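Each chain, letter by letter, is given below.
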Amino acid sequence: MTEELQKQIGEFREKAMRFSKGEISVKDYKSFSGKFGSYAQRGAQSAMLRLRMAGGRISKEHLKAIIDMCGKFGIERLHCTTCQTIQLHNIPFEVLADLMTDAVENGFYTLGGGGDFPRNVMVSPLSGIEKEENFDVLPYAEKAAEYLITQIDAVKMPRKLKVCFSNSPVNNVHATFRDLGFVSRTDGKFDVYCAGGMGLNPKMGVKVSEGADGSKTLYYIKAMIALFCEYGNYENRSRARTRYLQDTLGDTLTEKYNEFLQKALSEGGLDIEVQAEEITKQGVTVKFNSRRIIEQKQNGLYAVKFHPIGGNITPHTLKNIYETIKDMKSVSLRVSPDETIYIINCNGEEAEKVLTVTAGGAETDIEESVSCIGASICQQGLRDSQALLQTILDAVKPHSFAPDALPVMHISGCMSSCGTHQIGSIGLHGKVKMIDKKPVPGFTININGCDRQGHEHFGKEIGVIAADDIPEFIVELGKAVTASGISYKQYASEKSDELISIINKYI
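Because the structure is a prediction, the values reported are computed rather than measured.

(A) Up close: the packing of aromatic side chains. Per the counting criterion, the structure on display carries 16 aromatic pairs. Here Phe-19 and Tyr-29 contribute two aromatic rings whose centre-to-centre distance is 4.3 Å and whose plane-to-plane angle is 10°, an arrangement assigned as stacked. Here the residue Phe-19 occupies a position in helix α1 (residues 2-20), and Tyr-29 occupies one in helix α2 (residues 26-33), the gap between them amounting to ten residues. Here the two residues Phe-19 and Tyr-29 agree in accessibility, since each one is buried. With centroids separated by 5.4 Å and ring planes inclined at 85°, the aromatic side chains of Tyr-140 and Phe-190 adopt a geometry described as edge-to-face. Taken as a pair, Tyr-140 in helix α5 (residues 138-151) and Phe-190 in strand β9 (residues 190-194) lie far apart in primary sequence, 50 residues in all. For Tyr-140, a relative accessible area of 16% puts it in the buried group. Phe-190 sits in the buried class, given a relative accessible area of 1%.

Printed below as a string of structure tokens:
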């Protein structure tokens, strides 16, 4: 695959340069470049590149490679995505193909990072180290990622396919409502869900199999691809996602899926064997008073939680982290679906050092808010979600609200839900609001979404708030929660009428 991709980069280079000269339309370039994990940014003066990394896993070697590539090509802005990847931004077109080549040579596939292809395989970020997990699902996900890479040029699907693996009911990869989700069980097997998704017309997934053996994982993926290719909508892109199979197939979806599964099993050749990584590192127990420290199931080892504001991070920050951990045994990074970075397998003494070097990130719930890259960069975006988040944080800072007085917000620039607004305690997505018959920038507000397995549901849409009014609304909400003497989570549950009343003032 590396050799094949390197061959294709030559064609990419030629088209990227033609596009930069205005010889190819934005639409035609986008349909080509997405396959390579790259899109033109708004204004078509520069590009972004999405690094594919199964489960958001970044070794120290890969971290160093990212830092070096940024230095070599002058990249200053990176963004952690809700699909557990890192995007490089503001890339000049003349160096884009060279950067892509370097990425491949350093072990980062960019192929399938966009377009109508299998996307980055998602995994619970603390898989293998989380105390409450059923079992480590990462080894299965890595096998799935290897298999899906081989399908990128082998199969033409109607649209993208997102596959994920959940290690516990926390379900922060949304395995019960993705295109294909493997949900771990206490007996070491998987329940399999398919045809779910967020965005326009969101749907929870359909459980199509119970007690699936992990050794058969690739057969389930092959069956899902076959089902999607057979019944997916190749004519209408707006309905060409797997969630619309629920409309197309209705009650027969499970039956049809299992027909393809049985066919794949009969053809054979895709059984896998995995071995969970054994962490033998000697722990050192330290008592911490920090919400950013997580005790691992390995005694005396810790994960340090670092949430860069808005998911945005600089190469300088990554370099500081690398210099701190480079000689620490077994320490690595995981990018989470909520744009958090976890530095894992630190003993207590190491965790103290990592905690210090990652100061400056989120320290409160609202500072951990999730935001897509926004309309200042994204061609699809309707509103600048990043600017809104920063304005909100600037507005609440002087009030010094308690860390849990305001929730983690999920902000999307448009309905596509790249900021996963539909599962947020408060979710916002870009919209137009009419005031005195004049359109002004606005955001639709959703409340009380939840992604926890067994309790998952999409948030309730309340209405549209003018973008300029949102910071004032959030400050008023913070004051009301503070006056109540309880956390926002309790407030939203126990004083829901009061919450709605505050929202209605701004709608």
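(B) The arrangement of a nonpolar patch on the surface in detail. A surface patch of nonpolar side chains, amounting to about 260 Å² of accessible area, comprises Leu-382, Val-432 and Met-434. Residue placement: Leu-382 occurs in the loop between β16 (370-371) and α11 (385-396). Judged by relative accessible area, which is 38%, Leu-382 ranks as partly exposed.

(C) Up close: the packing of helix α9 (residues 315-325) against helix α10 (residues 348-357). In contact at an axis separation of 10 Å, α9 and α10 are set at 165° when each is read in the N-to-C sense. It follows from the interaxial angle that α9 and α10 lie roughly antiparallel. Every pair of crossing elements has a handedness; the one defined by α9 and α10 is right-handed. In this structure, α9 uses Asn-320, Ile-321, Thr-324 and Ile-325 to contact α10, whose residues at the interface are Lys-353, Val-354 and Val-357. When grouped by side-chain class, the residues that make up the contact of α9 with α10 number four nonpolar, two polar and one charged.

(D) Inspection of the side chain of Arg-178 at higher detail. Along the chain, Arg-178 turns up in the loop between β7 (163-166) and β8 (180-184). No salt bridge is formed by the buried Arg-178; its nearest oppositely charged neighbour, Asp-179, is found at 6.6 Å. Apart from the residues within four sequence positions on either side, Arg-178 is in contact with Thr-82, Met-122, Lys-162, Cys-164, Val-173, Cys-194, Ala-195, Gly-196, Gly-197 and Met-198.

(E) Seen up close, the pattern of salt bridges. Here the structure, examined in full by the defined rule, presents 30 salt bridges. Between Glu-267 and Lys-222 there is a salt bridge, with its nearest N and O atoms 2.6 Å apart. On the criterion of sequence distance, the pair formed by Glu-267 in helix α8 (residues 253-267) and Lys-222 in helix α6 (residues 217-231) is long-range, its members being 45 residues apart. You can call Glu-267 partly exposed: its relative accessible area is 42%.

(F) Quick peek at the pairing of strand β18 (residues 426-435). The sheet contact formed by strand β17 (residues 409-412) and β18 spans four bridges and is parallel. In the strand pairing of β18, His-410 is matched with Gly-427. One ladder, built from ten bridges, connects β18 with strand β19 (residues 438-447); its direction is antiparallel. Within the sheet, the bridge partner assigned to His-429 lies in β19 and is Thr-444. Counted along the chain from β18 to the antiparallel partner β19, the turn is two residues long, and its residue Asp-436 has a positive phi close to 55°.

(G) Broad picture of the sheet that holds β8. Spatially, five strands are ordered β6-β7-β8-β9-β10 in an open sheet, and the strand pairing comes out mixed. The two strands at the open ends of the sheet, each matched to only one other strand, are β6 (122-123) and β10 (206-212). For β9 and β10, the ladder comprises four bridges, and the chain directions are antiparallel. Bridge assignment links Val-192 to a residue of β10, and that residue is Ser-209. This element, α6, spans β7, β8, β9 and β10 of the sheet and lies at about 155° to β8.

Rules used in this analysis
- Residues numbered from 1 in each chain as written.
- Predicted model: local features only at pLDDT ≥ 70, side-chain atom pairs only at ≥ 80, totals over all residues.
- Heavy atoms only, no water.
- Phe/Tyr/Trp six-rings, centres within 6.5 Å; stacked < 30°, edge-to-face > 60°.
- Helix = DSSP H or I, 4+ residues; strand = E, 2+ residues; numbered from the N terminus.
- Buried < 20%, exposed > 50% of the residue type's maximum accessible area, 1.4 Å probe, protein only.
- Patch = residues over 30% accessible without salt bridge, like charges linked within 9 Å, V, L, I, M, F, W, Y side chains within 5 Å.
- Areas by Shrake-Rupley, 256 points an atom, 1.4 Å probe, with all protein chains shown as cover.
- Salt bridge = Lys/Arg side-chain N within 4 Å of Asp/Glu carboxyl O.
- Axes fitted to C-alpha atoms, helices over the stretch in contact; angles between N-to-C directions.
- Parallel < 35°, antiparallel > 145°, perpendicular 65-115°, else oblique.
- Left-handed = near helix turned anticlockwise from the far one by under 90°.
- Contact = heavy atoms within 4.5 Å.
- Nonpolar A, V, L, I, M, F, W, Y, C, P; charged D, E, K, R; others polar.
- Lys, Arg positive; Asp, Glu negative; His and termini not counted.
- Pairing = 2+ DSSP bridges.

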